Structure formats: C-alpha cells, structure tokens
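Structural description and commentary
Residue strings, one per chain:
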Amino acid sequence: MPRGIWVGEDHFKTKEAVRDRCRAVRDRYLGQPQVTGENDERFLRDLLALHPDYEFKRGHGITGFTVIRNDLHGTYGFAVMRVDGTVIDFSWNTCLKAPTQRQKVLGCLRRAIKDQVIAHRDAAFLAGPVTCAITGVSITSKHESHVDHHMPTFAQIAEDFIASHGGPDTFRISDDVPDGFTHAELADKELEAVWQEHHQGVAVLRVVTKVANLSRRRTDSS
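Because the structure is a prediction, the values reported are computed rather than measured.

**Points about the sheet that holds strand S4 (residues 75-82)**
- Sheet architecture is open: three strands sit in the order S3-S4-S5, paired in antiparallel fashion. Every interior strand has two partners, whereas the edge strands, strand S3 (62-70) and strand S5 (87-90), have only one. Each neighbouring strand pair of the sheet contributes to a mean axis angle of 35 degrees, computed without reference to strand direction.
- As judged from the eight bridges shared by S3 and S4, these two strands associate in the antiparallel manner.

**Some details on unusual backbone geometry**
- Going from Met 151 to Pro 152, the amide bond is cis rather than trans, its omega being 5 degrees.
- For Pro 152, the location among the structural elements is in the loop between strand S8 (145-149) and helix H7 (154-164).

**As for the nonpolar core**
- One finds Leu 109, Phe 154, Phe 161, Phe 171, Trp 195 and Val 207 to be the most contacted residues of the largest nonpolar core, which totals 25 residues.
- If you tally residues by element for this core, the top one is H7, at five residues.
- Once you skip the residues sitting within four places of it in the chain, Phe 171 turns out to touch Gln 101, Val 105, Phe 161, Ile 162, His 165, Leu 186 and Leu 191.
- One finds Val 7, Leu 48, Ile 62 and Val 67 within the second-largest nonpolar core, a separate group that totals 22 residues.

**Observations regarding the environment of Ala 155**
- With respect to the helices, strands and loops of the structure, Ala 155 is situated in helix H7.
- Of the residues examined, Ala 155 reaches a relative accessible area of 23% and is grouped as partly exposed.

Each value, and the rule that gives it
- Every chain is numbered independently, its residues counted from 1 as its sequence is written.
- Only residues with pLDDT of 70 or above have their local features reported here, since the model is predicted, and side-chain atom pairs are shown and tallied only from 80 upward, although totals for entire chains, interfaces and linings are computed over all residues.
- Here the side-chain values reflect all heavy atoms present in the structure, with hydrogen atoms and water set aside.
- Strands were regarded as paired on the criterion that DSSP finds at least two bridges between them.
- Helix and strand definitions here come from DSSP, where helices need a minimum of 4 consecutive H or I residues and strands a minimum of 2 consecutive E residues; each element is numbered from the N-terminal end.
- For helices, the fitted line uses only the C-alpha atoms of the stretch in contact; every axis is such a line through C-alpha atoms, and the angle between N-to-C directions lies from 0 to 180 degrees.
- Nine residue types can take part in a nonpolar core, namely buried Ala, Val, Leu, Ile, Met, Phe, Trp, Tyr and Cys, and a core is a set of them joined through side-chain atoms within 4.5 Å.
- Exposure classes here rest on a 1.4 Å probe applied to the protein chains alone. A residue is buried below 20% of its type maximum, exposed above 50%, and partly exposed in between.
- Contact between two residues is taken to exist if any of their heavy atoms lie within 4.5 Å; hydrogens are not considered.

Next up, the structure:
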C-alpha cells in the first residue's frame, strides 16, 4: 500500500496535497450557495469523516457543503449543511491533525481578546488613514489592516499566563456555536475575565498592513 494520506478513496502523497485540493474546491464555489460537484461533495464528506469532532459536526445528518467567510480571520472555508437547517464550519487542517490541548487553550485565549484587538483597530482609524508600524505605508481602510502585538508577542503573553495558572491541562474548554462557526472557549468565565484584564494591561498593540503582519508571522507569533 502506498504511503501518504487517504481521504476516502483518494490517495494523496502529502498533507499539503490534501490542502491544495481543499483550496481548489473552496475557490471553485466561492460566492455559490452550495458545493454541487459530485466528486467535490464526496471528497468533503470523506474529509469531514477524519475530523476529531465528526459526530458533533455532522449533527443529525448532512445535506451538503458550502463555502463561508470566517470574519474573525478574514478567510474562507467549508461549512457543513445539516438536515435540521443549521450550518457549521469545519477546518480542513483539523481534519488532518487534531489540535493539542495547548493549541486549543491558545485559541481560546486569542478569541477572548478579539474585542480588544478590534477596538484598538477601530480607534486608530477614527482620525483617518493609519501608518503601518512596520513598513511606514499609509493604510486607508481598516479592512486592509491587521493588528499585531509588538513586544511581548501574543504567544509570550499567553504562554506566561498559561504557565502561571497551572499549565494547559488545567484549562477547561467548552464549545460555543455562534452564527454557524464553532469556537472553543474557556469554560471558566472568571478565569477568562482575569486573562482579558491581564492582556489589556501588558499587550502593546499596533496597526500594520496585512502583508507585513503575515510576513512577520513566519518568524514569530504576534
């Protein structure tokens, strides 16, 4: 049997080859109400079957798939259309590799400070265009910007907080499903509030261009 990854009956030499297939299917159905190609739908059903939360994602049954926008990250991905009329997203990366507990906790912490990040961005644009803190380029629209953590980075702030509260295994996580998107959240809302206050006190946020921020993330976690 050849090495690689099987997604149903389809064999791929690498995970990146699976991701390339996912991107091709996604791009094919951008702006369309549903994935209609028989082979594309079969591929997505087989891919979803690899998800660690498959039973939760499928619900009472699957009627199809669609492409939706994740406003948190500004990206497009797949969502499951269920027989009860609900729609819920799923990550193809999660299908290929389930996140560790540490990754889940970091995701919870990042989502918990999303409002702080958005508020910083919106306040920066109140007076007009903003100068990118990395490149010096003028950014005319907030939709063309990202907000990053200068020093310390988000990863440094989050890792210190996790360590000071007993490590990742002490953090309990619960699922929240707003507007068709699943998000892991901290189950302990008091701890979440402590984290938000801590982040507010130590984070140094700055507005940058999307290109500058994505390039910077190749070398650190902002």
